[in-house]
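Breakdown of the fold
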Amino acid sequence: MTYSGDVRPGGPSDVRVLDEVEIRKASVGPMDNNAYLVTCRRTGAQLLVDAAADPERLLALVREGAASARLDGIVTTHRHPDHLSALASVVAVTGAPLLAGAPDADAVAAAADRPVQRRLQDGDTIAVGHAVLEVIALRGHTPGSIALVYREPEHVDQADAVAGRAHLFTGDSLFPGGVGATGNDRARFDQLFLDVTERIFDRFDDTAWVYPGHGPDTTLGAERPQLDAWQARGW
């Protein structure tokens, strides 16, 4: 089946099979949080993005990628409680190391009741087996909000693959229809809008796929025509 990104709490995962990785999306919890699992197809290494809620469902998601429940890391895109309420439980079972944007890392560590092993900065990379994801800092929703980007290789064979396409896991910093909430604070909005514009829209083409922290997916091509309107309205 073709990946759509349409998932609901209590429902099945949606799975995208690419040449190097598989990407699984599940919705968890009362706020319809998205959790993502990136699995290296060659090595079985796995990275969970946002242990948001419902630890049993997240552990099942991990087992969907690897029957052994292998988990090589958990990235928290930002420090808000709805994105890390299952973190302590999932890490207690898996022992996976924690990764978070440096300015949000103390709050993430407190929620998990254990240290964050990697305090991520803009431009850092995360290896998931043979796949590499880059960290993009997107300041504004929280000081340490981050996105992750994975690029497909230049030569692809899978039916759903696009050579060189970027896949962006944006947390609550970029959604269909706008950037993340900034508390009616114009300075925070301006910072987030600048980061999203310069570090995402100016860098990646319209094929780039966006996997947000809540709700349906989108592409940069679908959102790019709205940038001026977002800036004018200030949210």
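An account of the accompanying structure is given in this report. Per chain, residues are indexed from 1 in the order of the written sequence. Residue-level local features of this predicted model are given only where pLDDT is at least 70; pairs of side-chain atoms are given and counted only at 80 or more, and the full residue set underlies all totals for whole chains, interfaces and linings. Side-chain numbers come from the whole structure's heavy atoms, not from hydrogens or water.

**Re the pairing of strand E1 (residues 14–17)**
Heads up, the rule is: For each residue, the accessible area found with a 1.4 Å probe, counting protein chains only, is set against the maximum for its type, and the residue is called buried under 20%, exposed over 50%, and partly exposed in between. Secondary structure is summarised from DSSP: a helix means a run of H or I of at least four residues, a strand means a run of E of at least two, and numbering begins at the N terminus for each. When DSSP finds two or more bridges between a pair of strands, those strands are recorded as paired.
Alternating positions in E1 separate cleanly, Asp 14 and Arg 16 being buried on one face and Val 15 and Val 17 remaining unburied on the opposite face. Judged from the 4 bridges that link them, E1 and strand E2 (residues 21–28) form a sheet pairing that is antiparallel. Paired with Val 17 across the strands is Glu 22, a residue of E2. Two successive antiparallel strands, E1 and E2, enclose a turn made up of 3 residues.

**Digging into helix H3 (residues 105–112)**
We apply this condition: An arc is given here, and it is the one of the directions from the helix axis to the C-beta atoms.
All of the buried residues along H3 are Ala 105, Val 108, Ala 109 and Ala 112. Projected onto a plane normal to the axis of H3, the buried residues spread over an arc of 100 degrees and lie on a single side. The exposed residues of H3 that point more than 90 degrees off its buried face are Asp 106 and Ala 110. Asp 113, located one to two residues past H3, shows a positive phi value of around 60 degrees.

**With respect to the packing of aromatic side chains**
To keep it simple, the criterion reads: Each pair of aromatic rings taken from Phe, Tyr and Trp, with Trp reduced to its six-membered ring, is defined by centres within 6.5 Å and is described as stacked if the planes are under 30 degrees apart, edge-to-face if over 60, and tilted in the remaining cases.
Enumeration over the complete set of coordinates arrives at 8 aromatic pairs. A ring pair is formed by Tyr 36 and Phe 169, whose centres lie 5.4 Å apart and whose planes are at 65 degrees; its orientation type is edge-to-face. Pair noted here: Tyr 36 is in strand E3 (residues 33–40) and Phe 169 is in strand E11 (residues 166–171), with a separation of 133 residues, a long-range link. Both residues of the pair, Tyr 36 and Phe 169, count as buried. The interplanar angle of 80 degrees and the centroid separation of 5.6 Å between the aromatic rings of Tyr 36 and Tyr 211 together place this pair among those described as edge-to-face. Highlighted residues: Tyr 36 in strand E3 and Tyr 211 in strand E14 (residues 209–212), separated in sequence by 175 residues. The exposure classification of Tyr 36 matches that of Tyr 211, with both residues buried. Taken together, the aromatic side chains of Tyr 3, Tyr 36, Phe 169, Trp 209 and Tyr 211 make up a single cluster linked through ring pairs.

**Quick word on the pairing of E3**
In terms of burial, E3 is a largely internal element, 8 of the 8 residues being buried. Burial along E3 is two-sided: the face carrying Asn 33, Ala 35, Leu 37 and Thr 39 and the face carrying Asn 34, Tyr 36, Val 38 and Cys 40 are both buried. Across 8 bridges, E2 lies against E3 in antiparallel orientation. Residue pairing in the sheet places Val 21 in a bridge with Cys 40 of E3. The loop that links E2 with its antiparallel partner E3 comprises 4 residues; one of these, Gly 29, has a positive phi angle of about 80 degrees.

**Regarding the pattern of salt bridges**
In plain terms, the rule: The salt bridge definition used is simple: a Lys or Arg side-chain nitrogen within 4 Å of an Asp or Glu carboxyl oxygen.
For the coordinates displayed, the defined rule picks out 15 salt bridges. In this structure, the salt-bridge partner of Arg 199 is Asp 195, at a minimum N-O distance of 3.8 Å. Taken as a pair, Arg 199 and Asp 195 lie in helix H4 (residues 186–201) at a separation of 4 residues, close to a single helical turn. The exposure class of Arg 199 is partly exposed, given its relative accessible area of 23%. Connected via shared salt-bridge partners are Glu 22, Arg 24, Arg 57 and Glu 64.

**So, the sheet that holds E14**
If you trace the 6 strands from one edge of the open sheet to the other, you get E8-E9-E10-E11-E14-E15, paired in mixed fashion. Of all the strands in the sheet, just strand E8 (125–128) and strand E15 (218–219) have a single pairing partner and so form its edges.

**Some points on the side chain of Glu 223**
To be explicit about the condition: The charged-residue count follows a simple rule in which Lys and Arg add positive charge and Asp and Glu add negative charge, with His and chain termini not counted at all. As used in this structure description, the phrase polar contact means that two N or O atoms lie within 3.5 Å; if the pair is within protein, one of them must be able to donate a hydrogen and the other to accept it, and residues adjacent in sequence are counted only when both atoms belong to side chains. The contact rule is simple, with two residues in contact once any of their heavy atoms fall within 4.5 Å.
Inspection of the secondary structure puts Glu 223 in helix H5 (residues 220–223). Of the buried charged residues, Glu 223 lacks a salt bridge, with Arg 233 as the closest side chain of opposite charge at 7.8 Å. A polar contact is formed between the side chain of Glu 223 and the backbone nitrogen of Gly 177, at a distance of 2.8 Å. If we skip the residues at most four places from it in the chain, Glu 223 touches Phe 175, Pro 176, Gly 177, Gly 178, Phe 201, Thr 218 and Trp 230.

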